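The primary structure of each chain is shown beneath.
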Amino acid sequence: MEETLASLRRPKRGRPPKPRVEDRAGGDFEDDDEDEAQGLAPPQSKRKRAASAAATAALNQPLIDIIKHNGRLISHAVKKLVEDYESKKDSVIFQILTMLFEACGAKHEIYPDYLHESDVDDVVMSLVDTARKLVTSFISVAKTLSGQRETTQRQLNAEKKKLSDGPLVDSLEKRLALTHENITYLEELMRKIFTGLFMHRYRDVDPEIRMSCIKSLGIWVVSYPSLFLQDIYLKYLGWTLNDKNAGVRRASVLALQSLYEVDNNIPSLGLFTERFYKRMIQLADDIDISVAVSAIGLIKQLLRHQLLSDDDLGPLYDLLIDEPPMIRRAIGELVYDHLIAQNIKTSHTGATDEETESSEVHIGRMLQILREFSDDPVLSSYVIDDIWDDMKAMKDWRCMISMLLDENPAIELTDMDATNLVRMLQASAKKAVGERIVPAMDNRKLYYNKTQKEVLENSKREITSALLTRYPQLLRKYISDKAKISPLVDMMILLKLEMYSYKRQEKNFKAAIDLIFDAFFKHGEKDTLRSCIKAITFCCTECQADLQDYAENKLKNLEDELVLKVKTAIKEVEAGDDEYSLLVNLKRLYELQLSKPVTNDSLFEDMYRILSQLKDMDNEVKSFILLNMYLQVAWCLHAIDGENPSEASIDELSSKQRSLFHQLYYYLVVLPTYQKEGRSTTVLSSRVCIITAEMWCLFKKSKYSSTKLESLGYLPELDMVQKFWKLCEQQLNVSDETEDEDANDEYIEDTNKDAVMIAASKLVLADTVSKDYLGPEIVSHYVSHGASTTEIIKHLITSLRKNGNFDMGALFFEALRRAYDRYMSYVHDEENTLIGKAYSECQDLASRLAGSYVGIARNKNKSEILKIIHEGFSFAFADLPKQLSFLEAALLPFVAKLPSTDIPDILADVEKRTQDTNMNGDQSAWGPYFTFVKELRERLKNDVFQEEKEEKPVRRRGRPRKVRDAPGKKLFDEHNSSDEDSISASDQQGHGEDDTDDDADQPLINTIRASSASKLRSLKVSQQGTSSQKRAPGPSVA
């Protein structure tokens, strides 16, 4: 470039300058053949020696001085560096780095010793950064020259229009040619830097270097599209979308975002988009949350330019009900922009009318989306939560209420749409007042500052103002619809109730309370009953003066009427009538007693009587009778004054306690032998187990000893604890298929095997019953009943270990022995289908328990390990050779936790126990013994302690949803790195980000979304406002 610029300088007038020594100094560095080919005569020897000496002196200068003052020697200096590199590698690198640092303005001296102290990655990063800045500087200069070229071109065109050929035209033409030549030269330099450095470093082993290269390329393409906005450069951004490092993938996505933001770039990105758009969509479900969120932003850019079709977006809609909130919100914003916030044309001129129609259209489109999730209110809540921040129409309370009341004849809601709109109204109101509508990942309590609290209060006022007069109308219209009435009743607790007094709307408040009262007795579903009780109770505490009195009287009337209905239903059943009325009213009584005591002297005796006399009642009726009896006992205990209890109250409670224990113990004995199978029997058994455990905890003997309530203390006998556990085991062994039969049962979470295991574990933790029996029984099922049960028992073990006085070694040995006894029982009974499973469970239990002894815990609790082993030896050798398989099944993992120094003693102990025993009998029975001894001798022979890995859950920083076969594509194996390749020649072979669902690792929301989420893939919202058109009634969502 120096020569190019030098040729443009104006020549001096007069005598031509003398040739300088430096101009001829290059003779020594050029071949004689080149001199002769150029027709140069060989110089005289004296002059040659002088020129050589001057050139040598010049080349000994620092490189920065050669670049600044002796540009013609640069090629010779480079040649000399290449020659010296073979013998003096560090020196050459030091010279180059010194030149780079000085060129960048460094003021401090550096020394060759620094090279040995520096990391090669840091050096490479510095070189990449220097090259990046160099190219950026070239781009800045080239853009300046481009501006000058355009100006010169305009001036030249103007002069040519004057039809005058003079010196000005010639000067402009020369200037234009010169500027163009300089731009071409700069672009060639940029190409060489890209080819020589970037093409190698963009696949460097260091992700930071790869990331720097991709960021730089993105900046270059945006800054100088005339050169870099070509497929030969863009393909590198596409390839690195598959990088195994999340930071590099995100850098590539962000670079592409900046490209698609410029409208003028879109025509040149057509082939690139066609080649890589599928990968961009896949990245929306990337394992790294930041990459996924950035990819969703990129997809929004593609949609803005209409580069994607609705069919391409199908997989994205599933992410509306994904677990990470950041991804759900990003997808919600995309769905709102693309499907809901379309161009809205109205025929009205008024601003209010336009806003109203806009809300109606947006709500109509939202309802069309929610149709795909109508069967699952939880999934609907997730979708509403995702889109709520962007959709203002969901805060238009009056519009939604008007649509529900059919005030606009042009809008006709189907039953499904009305259900979804009610859910949307309630969920949106909860969001507006600061409550969560979906569970939080961290379960932290929400805190708001003063300004935020004022905003929430204003929202509550707006909601209340919109519902003051219309709330009774909504309740009256939908009071018979079980799908709609529960969320409508829940709206009561979101209102600012004092506004009913301020606005003189007491009549509407009383009407709403009356309708909620009627709804309680009109429905028997758990959600509706709880909503009604919660709403009336809320009014009893939050209302003012007369309204509070009215709510309290209504709650008392509800209690009295309900008790009367239960007693009447009991008499009807005793007379031989149907049990349905009794069941429904028992459910209502149960839900009411969960929030407040129900006082009636004879109600408990009535329930006890019918339970004792009618043994063939439906099991669900029996379950709710026992539940209500337990709640009666619990509230009775709660009402007793612990300091000065009356004899009458203690006697009453003691009588109820004995009556309930009598019924529970009857079912503990009967249910294990009960022949009738089915879900109702399982529910009754679970209820009996849970209520029995709660009663034992409630009246734990040690809690009341040395108090005035000592007579209420109770300690169950061991045989009854054994019967209790036998029934619990029966419930734990219920197949998953049986549990899944009624997975939609409204009380399923209260009666499944997890609830039973929690109840039994509470007895051990609270020291309510003897740990010596129940503790080992529970732990022996550690790995037998699925992941959730395993976590419960793991928590139990962790809690017991915190008690320094508890003998964990004895607990573990007894648990292993009982798991082994179950295996042996199957062997004796010749139940071949269960033998292998039981043995495997015993091995897994031993591995899991031994896995708790790692690191410091292994050395600290060495005595526990030795106790387990020695107790195990005593058990295994007690009846030779029948129980020798215990050595291999249960003790090997614990032996592996001992240091090698303890192995000789263990081996000697084992051999001593068999020294006088004839082992020539059944070799299959002695096989486990020989295997165990062989393992011990191998340990002695190798003298290597094999560290076992601690079994603990892996904390993943990314999304805890899916298991990947590979974290990313194996980069660059399929691509030719030549910059001559076009984008169409670079074929991606897979993406390395394929998702494999693993239900065991999925959060709850992922396990319930599978069927509903896939429906949204086919969602196509009409570009016309569908909510403004009449639709035929759809199927009812009951």
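Because the structure is predicted, anything quoted here is derived from the model rather than measured. (Residues numbered from 1 in each chain as written. Predicted model: local features only at pLDDT ≥ 70, side-chain atom pairs only at ≥ 80, totals over all residues. Heavy atoms only, no water.)

Caption draft 1: Looking closely at the overall build of the protein chain. Broken down by element type, the protein chain carries 49 helices and 2 strands. The proportion of buried residues among the 1038 residues of the protein chain is 48%. A separation of at least 24 residues holds for 75% of the contacts in the protein chain among residues at least 6 apart in sequence. For the protein chain, the accessible surface area stands at approximately 52,800 Å², while carbon and sulfur atoms represent 49% of it. (Helix = DSSP H or I, 4+ residues; strand = E, 2+ residues; numbered from the N terminus. Buried < 20%, exposed > 50% of the residue type's maximum accessible area, 1.4 Å probe, protein only. Contact = heavy atoms within 4.5 Å. Areas by Shrake-Rupley, 256 points an atom, 1.4 Å probe, with all protein chains shown as cover.)

Caption draft 2: Looking closely at helix α27 (residues 526–542). Helix length check: α27 (17 residues) gives 24 Å between terminal C-alpha atoms against 24 Å at 1.5 Å per residue, within 8%. Turning to α27, its buried residues number three or more, namely Lys-526, Thr-528, Leu-529, Ser-531, Cys-532, Ile-533, Ala-535, Ile-536, Cys-539 and Cys-540. Its buried side turned inward, α27 meets α24 (482–490), α26 (506–522), α28 (545–574), α29 (580–593) and α37 (748–751). (Expected span 1.5 Å × (residues − 1).)

Caption draft 3: Up close: helix α35 (residues 718–732). Taking 1.5 Å as the rise per residue, α35 with 15 residues should run 21 Å; its terminal C-alpha atoms sit 21 Å apart, in good agreement. Regarding α35, the residues found buried are Met-720, Val-721, Phe-724, Trp-725, Leu-727, Cys-728, Glu-729, Gln-731 and Leu-732.

Caption draft 4: Molecular detail of empty space enclosed by the protein. Within the structure shown, the criterion is met by 2 cavities of 30 Å³ or more. Its boundaries defined by the atoms lining it, the largest cavity holds a volume of some 60 Å³. Taken together, Val-128, Ala-131, Arg-132, Ile-193, Leu-197, Phe-198, Cys-213, Ser-216 and Trp-220 form the lining of the largest cavity. Looking at the lining of the largest cavity, the elements with two or more residues in it are α8 (120–161), α9 (167–201) and α10 (207–223). The residue inventory of the lining of the largest cavity, partitioned by class, reads 7 nonpolar, 1 polar and 1 charged. The space that makes up the second largest cavity amounts to roughly 30 Å³. Lining the second largest cavity, in full, are Ala-819, Arg-822, Tyr-823, Ala-838, Glu-841 and Cys-842. (1 Å grid on protein atoms, 1.4 Å probe; cavity = no way out; pocket = protein on both sides within 12 Å on 5 of 7 lines; lining within 4 Å. Points joined across faces, edges and corners; volume = space filled by probe spheres on them. Nonpolar A, V, L, I, M, F, W, Y, C, P; charged D, E, K, R; others polar.)

Caption draft 5: How the structure looks around the environment of Gly-855. Examined against the element boundaries, Gly-855 turns out to sit in the loop between α42 (832–850) and α43 (856–860). On the basis of relative accessibility, which here comes to 37%, the residue Gly-855 falls in the partly exposed class. It is 9.8 Å that separates the C-alpha atoms of Gly-855 and Lys-897, two residues lying 42 residues apart in sequence.

Caption draft 6: View of the pattern of salt bridges. Per the stated rule, a full pass over the model turns up 46 salt bridges. With a closest N to O distance of 3.4 Å, Asp-337 and Lys-300 form a salt bridge. Of this pair, Asp-337 sits in helix α17 (residues 325–340) while Lys-300 is found in helix α15 (residues 289–304), placing the two residues 37 residues apart along the sequence. Taking relative accessible area as the criterion, Lys-300 reaches 24% and is therefore assigned partly exposed. Between Asp-386 and Arg-328 there is a salt bridge, and its shortest N-O distance comes to 2.5 Å. Of this pair, Asp-386 sits in helix α19 (residues 377–387) while Arg-328 sits in helix α17, placing them 58 residues apart in sequence. For the pair Asp-386 and Arg-328, a shared accessibility class is recorded, and that class is buried. (Salt bridge = Lys/Arg side-chain N within 4 Å of Asp/Glu carboxyl O.)

Caption draft 7: Just the environment of Gly-314, in detail. Take Gly-314: it is sitting in helix α16 (residues 314–317). Take Gly-314: its relative accessible area is 3%, and that puts it in the buried class.

Caption draft 8: Region of the structure containing the packing of aromatic side chains. With the rule as written, the count across this model stands at 36 aromatic pairs. Ring geometry for Phe-624 against Tyr-747: centres 5.4 Å apart, planes inclined by 75 degrees, an arrangement best described as edge-to-face. With Phe-624 in helix α31 (residues 619–639) and Tyr-747 in the loop between α36 (736–741) and α37, the pair connects residues that are 123 residues apart, well separated along the chain. We note that Phe-624, like Tyr-747, is buried. Above the face of the Phe-276 ring, Arg-275 is positioned so that its terminal group lies 5.4 Å from the ring centre. The cationic tip of Arg-848 hangs over the ring face of Tyr-782; the distance from NZ or CZ to the ring centre is 5.4 Å. (Phe/Tyr/Trp six-rings, centres within 6.5 Å; stacked < 30°, edge-to-face > 60°. Lys NZ or Arg CZ within 6 Å of the ring centre and 35° of its normal.)

Caption draft 9: Focus on unusual backbone geometry. Geometrically, the link from Leu-880 to Pro-881 is a cis peptide bond, its omega value of -5 degrees lying close to zero. Residue placement: Pro-881 occurs in the loop between α44 (862–876) and α45 (885–895). The backbone phi angle of Ser-706 is positive, close to 65 degrees, even though this residue is not glycine. Examined against the element boundaries, Ser-706 turns out to sit in the loop between α34 (701–704) and α35. The phi dihedral of Asp-767 is positive, around 55 degrees, even though this residue is not glycine. Structurally, the position occupied by Asp-767 is in the loop between α38 (753–765) and α39 (771–779). Classification of Asp-767 by relative accessible area gives partly exposed; the value is 46%.

Caption draft 10: Seen up close, the packing of helix α13 (residues 246–260) against helix α14 (residues 270–282). Between α13 and α14, whose axes approach to 13 Å, the crossing angle comes to 135 degrees. Classified by the angle between their axes, α13 and α14 sit oblique to one another. The way α13 lies across α14 gives a crossing that is left-handed. In this structure, α13 contributes Arg-249, Leu-256 and Tyr-260 to the contact, and α14 contributes Phe-272, Thr-273, Arg-279 and Met-280. The residue makeup of the contact of α13 with α14, split by class, is 4 nonpolar, 1 polar and 2 charged. (Axes fitted to C-alpha atoms, helices over the stretch in contact; angles between N-to-C directions. Parallel < 35°, antiparallel > 145°, perpendicular 65-115°, else oblique. Left-handed = near helix turned anticlockwise from the far one by under 90°.)

Caption draft 11: Here's a closer look at a nonpolar patch on the surface. Residues Ile-67, Ile-74, Val-78 and Val-82 make up a contiguous nonpolar surface patch of about 310 Å² in total accessible area. Per element, the largest residue contribution to the nonpolar patch is 3 residues, and it comes from helix α5 (residues 74–85). Position of Ile-74 among the secondary structure elements: in helix α5. Assessed through its relative accessible area of 32%, Ile-74 is described here as partly exposed. (Patch = residues over 30% accessible without salt bridge, like charges linked within 9 Å, V, L, I, M, F, W, Y side chains within 5 Å.)

Caption draft 12: Structural view of the side chain of Gln-632. Among the secondary structure elements, Gln-632 is positioned in helix α31. Looking at Gln-632, its side chain comes within polar contact range of the side chain of Gln-593, at 3.1 Å. Contact partners of Gln-632, with chain neighbours within four places excluded, come to Gln-593, Val-598, Asn-600, Leu-603, Phe-604, Met-607 and Lys-656. (Polar contact = N/O pair within 3.5 Å; in protein donor to acceptor, adjacent residues only side chain to side chain.)

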